[in-house]
Amino acid sequence: MGLKYRGRTKLGPLPIWRNVSRSGNGKTVSWTVKLFGVSWNSRTKKKSVDLPGGYSYTSD
């Protein structure tokens with residue numbers, strides 16, 4: 001299976017996070033922007049909405 005690393009860093013007061021993951025294939029960096037419970041990821045281009053009770057909705 002191999003060793004995997006995953007980290008997430010918030011960039012100051014902005015609602016932007018830098019996501020870094022590393023596995024045997026190399027290093028992957030993506031950006032996530034989150035405003036008012038709606039988030040967008042730069043690598044997957046998916047949008048998600050946080051819903052009450054720990055649920056979320058993700059669109060393709």
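Residues numbered from 1 in each chain as written. Predicted model: local features only at pLDDT ≥ 70, side-chain atom pairs only at ≥ 80, totals over all residues. Heavy atoms only, no water.

## A short note on the environment of arginine 22
Stated precisely, the cut-off is as follows: Put simply, DSSP H or I for four residues or longer makes a helix, DSSP E for two residues or longer makes a strand, and each gets a number counted from the N terminus.
The residue arginine 22 is located in strand E2 (residues 16–23) in this model. When the C-alpha positions of arginine 22 and glycine 7 are compared, they lie 9.0 Å apart, and in sequence the two are 15 residues distant.

## Focus: the pairing of strand E5 (residues 47–50)
Here is the rule: Here, a strand pair is defined by DSSP locating no fewer than two bridges between the strands.
Of the pairings in the sheet, the one linking strand E4 (residues 38–41) to E5 comprises three bridges and is antiparallel in character. Within E5, the residue paired with serine 39 across the bridge is serine 48. Between E4 and E5, which pair antiparallel one after the other, the connecting turn spans five residues, and lysine 45 there sits at a positive phi close to 60°. As paired strands, E5 and strand E6 (residues 56–59) are joined by four bridges and run antiparallel to one another. In the sheet register, serine 48 faces E6, and the bridge partner there is threonine 58. The antiparallel pairing of E5 with E6 creates a hairpin that spans five residues between the two strands, and glycine 53 there sits at a positive phi of about 80°.

## Considering the pattern of salt bridges
Our working definition: By definition here, a salt bridge exists when the distance from a side-chain nitrogen of Lys or Arg to a carboxyl oxygen of Asp or Glu is within 4 Å. Think of it in three bands: with a 1.4 Å probe and only protein chains considered, a residue is buried below 20% of the maximum accessible area for its type, exposed above 50%, and partly exposed in between.
Across all of its chains, the model carries one salt bridge by this definition. Aspartate 50 is paired through a salt bridge with lysine 34; the nearest N and O atoms lie 2.9 Å apart. Taken as a pair, aspartate 50 in strand E5 and lysine 34 in strand E3 (residues 26–35) lie far apart in primary sequence, 16 residues in all. Residue aspartate 50 is classed as partly exposed on the basis of its relative accessible area of 40%. For lysine 34, a relative accessible area of 31% translates into the label partly exposed.

## Brief notes about a nonpolar patch on the surface
Note the following rule: Only residues whose relative accessible area exceeds 30% and that form no salt bridge enter a patch; like-charged residues are grouped when within 9 Å of one another, and nonpolar side chains (Val, Leu, Ile, Met, Phe, Trp, Tyr) when within 5 Å. To be clear on the numbers: accessible area is Shrake-Rupley with a 1.4 Å probe, and residue cover counts the displayed protein chains and nothing else.
Nonpolar side chains collect at one region of the surface, where Val38, Val49, Leu51, Tyr55 and Tyr57 lie side by side and expose about 500 Å² of accessible area between them. Looking at where tyrosine 55 falls in the secondary structure, it is placed in the loop between E5 and E6.

## Things to note about the environment of arginine 43
Which entries qualify depends on this criterion: When checking whether two residues touch, look at their non-hydrogen atoms; a contact exists if any pair is within 4.5 Å.
Position of arginine 43 among the secondary structure elements: in the loop between E4 and E5. On the basis of relative accessible area, arginine 43 is assigned to the exposed category, the value being 55%. It is 7.3 Å that separates the C-alpha atoms of arginine 43 and tryptophan 31, two residues lying 12 residues apart in sequence. Dropping the residues within four chain positions of it, arginine 43 is found in contact with Thr28 and Ser30.

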